[in-house]
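# Commentary on secondary and tertiary structure
Listed below are the residues making up each chain.
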Amino acid sequence: MDVSQIKEHLPVYAEGPGGLSGASDTHIGNIDSVEEGKYIKLTKNNAPDGQHHWFPIEWVRAVDERAVYLKKTVNEVIEELLSEQPSGV
């Protein structure tokens, strides 16, 4: 996976019930920025609480010119998203 492909405003999708072989991915937000090459910051516009959220770049399973796809389900993302900027970023 090429981190340089992760661009501002790309939509981010959590893995759907179809897994890698099926559709049904769920939109969880849009990219605000990549921070220190370690974390992805989501825009606050799509967040239910109106705040920025972060997740580790290791969650990314694929990137293309249209979107970023995670290897986490939407439930895992909701439980594990960071609501404060990670230390060291």
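The structure reproduced in this document is the subject of the present report.

Criteria and cut-off values
- Residue numbers restart at each chain and count upward from 1, following the sequence in its written direction.
- Residue-level local features of this predicted model are given only where pLDDT is at least 70; pairs of side-chain atoms are given and counted only at 80 or more, and the full residue set underlies all totals for whole chains, interfaces and linings.
- Hydrogens and water are ignored here; the side-chain numbers use all heavy atoms of the structure.
- Between any two strands, at least two bridges found by DSSP are needed for them to pair.
- Put simply, DSSP marks the helices as runs of H or I at least four residues long and the strands as runs of E at least two long, and each gets a number from the N terminus on.
- Each axis is a line fitted through C-alpha atoms, and for a helix only the stretch in contact is used; angles between axes span 0 to 180 degrees, taken between their N-to-C directions.
- In what follows, salt bridge is the name for a side-chain nitrogen of Lys or Arg lying within 4 Å of a carboxyl oxygen of Asp or Glu.
- Burial status follows relative accessibility: with a 1.4 Å probe on protein chains alone, a residue under 20% of its type maximum counts as buried, one over 50% as exposed, and anything between as partly exposed.

## Focus: the sheet that holds strand 3 (residues 39–42)
Taken in spatial order, the 6 strands make up an open sheet running 4-3-2-1-6-5, and their pairing is mixed. The sheet terminates laterally at strand 4 (53–56) and strand 5 (60–63), the two strands that pair on one side only. In this sheet, adjacent strand axes meet at a mean angle of 40° when their direction is disregarded. Inspection of the sheet shows strand 1 (residues 11–15) paired to strand 2 (residues 26–35) by 4 bridges, in the antiparallel sense. Among the inter-strand pairings, Ala-14 is bridged to a residue of strand 2, identified as Thr-26.

## Regarding the pattern of salt bridges
Counted by the stated rule, this structure contains 6 salt bridges. The shortest N-O distance in the salt bridge between Arg-61 and Glu-15 comes to 3.7 Å. Here Arg-61 is found in strand 5, whereas its partner Glu-15 is found in strand 1, with 46 residues between them in sequence. Residue class for Arg-61 comes out partly exposed when judged on its relative accessible area of 24%. In this structure, Arg-66 engages Glu-65 in a salt bridge whose closest nitrogen and oxygen atoms are separated by 3.9 Å. Where salt bridges share partners, they join Glu-15, Asp-25 and Arg-61 into one cluster.

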